[in-house]
Amino acid sequence: MDDLAAEAGRHRTRRQRLATELRRLRDLAGISGRDLAHRIGISQSKVSRIESGSVIPSLPEVTAWGDAVEAPTQTRELLADLTEAAFTEMYSWRAALQRQTHLQDDIREQEDQAQLLRVFQPTIVPGLLQTAEYARRVFSLFDPPYSEGDLPMVVAARLQRQLALYDESRRFEFIITEAALRCRPGRVRLLLAQLDRVATLSTLENVMVGVIPQDSESAVCPPHGFTLYESDSGTGDSFVEIEVTHMRLIARDAEDVATYRRQWSLLSEMALYGDAAREFLARLSTDIRSMER
């Protein structure tokens, strides 16, 4: 089994081990699923989904489960450890790219699960808003590097992801810092085309683009970008993805997701939207265009 498959398998194993242990403890206590659901304040169907491994319970739910079945202290500590491990997934870029040419199709499938996607980017223009040439330049700087022959396939897959922006049943929100908008992975004209692309996409009804000018007073200072995948299903399926230099991390714990929602709210207060954002992009383009002279 390759490294990425092994990582995914370990995550499934942690989730399944938690589910199996919770089911075992309920059976040992002689409590029905209906009775347990009543005791811990969730639905019977959710108990079934937890025990099948299709839903990860929150830590308070696991704690209440332990109380209901009168689990010993050591078992409760094990449950807490299993819950924390099941909520956090880590995937190495290097291991992932040893298995396949690129991850754009995997990311697209992940994006398709969300009704609302919220992307904060402090360093570069988000992938869903990139022009083909900007994307090609960004991928050429990636470490571990893509081969020259693979770049066209990677860029095409990224552009394929962007078709979702035209699905009016879904919503997309972006917050981009001025530093990210000024990031220039190529010639000046490349960046001018990219800024024009951002301004154009911001006019779509289901797409909202916020820009944070450099001179804005900071309400929060996130050390990295993140993407919130929000579900409208009410099943608690929302999660956050953080990309760092050597890996991507997915956090599903409700408190972790809430932390990033608070960060998003504060970032929103700092951003310009609508016509104000497009006017800012136009001024930025004028400033950058002067660099050609």
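Further up the page is the structure itself.
Every value quoted in this text rests on a predicted model; they were computed, and no experiment measured them. (Residues numbered from 1 in each chain as written. Predicted model: local features only at pLDDT ≥ 70, side-chain atom pairs only at ≥ 80, totals over all residues. Heavy atoms only, no water.)

Caption draft 1: Structural view of the side chain of Gln-121. On the secondary structure map, Gln-121 appears in strand 2 (residues 116-121). In contact with Gln-121, not counting residues within four places along its chain, are Pro-126, Ile-175, Ile-176, Thr-177 and Ala-180. (Helix = DSSP H or I, 4+ residues; strand = E, 2+ residues; numbered from the N terminus. Contact = heavy atoms within 4.5 Å.)

Caption draft 2: Region of the structure containing the packing of helix 4 (residues 59-68) against helix 5 (residues 73-87). The N-to-C vectors of helix 4 and helix 5 enclose an angle of 160 degrees; their axes lie 10 Å apart at closest approach. Viewed along their axes, helix 4 and helix 5 adopt a mutual orientation that is roughly antiparallel. The interaxial crossing formed by helix 4 with helix 5 has right-handed handedness. Residues Leu-59, Val-62, Gly-66 and Asp-67 of helix 4 form the contact with helix 5, whose participating residues are Arg-76, Leu-79, Ala-80 and Thr-83. Its residues placed into classes, the contact of helix 4 with helix 5 shows four nonpolar, two polar and two charged. (Axes fitted to C-alpha atoms, helices over the stretch in contact; angles between N-to-C directions. Parallel < 35°, antiparallel > 145°, perpendicular 65-115°, else oblique. Left-handed = near helix turned anticlockwise from the far one by under 90°. Nonpolar A, V, L, I, M, F, W, Y, C, P; charged D, E, K, R; others polar.)

Caption draft 3: Seen up close, the pairing of strand 4 (residues 207-212). Across the six residues that make up strand 4, a large majority, five, are buried. As judged from the six bridges shared by strand 3 (residues 171-177) and strand 4, these two strands associate in the parallel manner. Bridge pairing links Ile-176 to Val-211 in strand 4. (Buried < 20%, exposed > 50% of the residue type's maximum accessible area, 1.4 Å probe, protein only. Pairing = 2+ DSSP bridges.)

Caption draft 4: Broad picture of the packing of helix 11 (residues 188-201) against helix 13 (residues 274-289). Interhelical geometry of helix 11 versus helix 13 gives an angle of 175 degrees and a closest axis separation of 10 Å. Considering their axes alone, helix 11 and helix 13 lie roughly antiparallel with respect to each other. Within the contact between the two elements, helix 11 uses Val-188, Leu-191, Leu-192, Leu-195, Val-198 and Ala-199 and helix 13 uses Arg-278, Leu-281, Leu-284, Ser-285, Ile-288 and Arg-289. Here the residues of the contact of helix 11 with helix 13 are counted per class, giving nine nonpolar, one polar and two charged.

Caption draft 5: Highlighting the pairing of strand 7 (residues 247-251). Judged by how many residues are buried, strand 7 sits mostly within the fold: four of five residues are covered. With four bridges connecting them, strand 6 (residues 239-243) and strand 7 associate as antiparallel partners. Counterpart to Glu-241 in the pairing with strand 7 is Ile-250. What sits between strand 6 and strand 7 in their antiparallel hairpin is a turn of three residues.

Caption draft 6: Broad picture of the environment of Tyr-134. Mapped onto the fold, Tyr-134 is located in helix 8 (residues 132-140). The class for Tyr-134 is buried, based on a relative accessible area of 0%. Setting aside its immediate chain neighbours within four residues, Tyr-134 contacts Ile-124, Val-125, Ala-180, Cys-183, Pro-185, Leu-190, Leu-191 and Gln-194.

Caption draft 7: Inspection of a negative patch on the surface at higher detail. On the surface, Glu-77, Asp-81, Glu-84, Glu-255 and Asp-256 cluster together into a patch of negative charge. Every element with two or more residues in the negative patch is listed here: helix 5 and helix 12 (254-270). For the negative patch, the leading source of residues is helix 5, giving three residues. You can call Asp-256 partly exposed: its relative accessible area is 32%. (Patch = residues over 30% accessible without salt bridge, like charges linked within 9 Å, V, L, I, M, F, W, Y side chains within 5 Å. Areas by Shrake-Rupley, 256 points an atom, 1.4 Å probe, with all protein chains shown as cover. Salt bridge = Lys/Arg side-chain N within 4 Å of Asp/Glu carboxyl O. Lys, Arg positive; Asp, Glu negative; His and termini not counted. Charge placed at Lys NZ, Arg CZ, Asp CG, Glu CD.)

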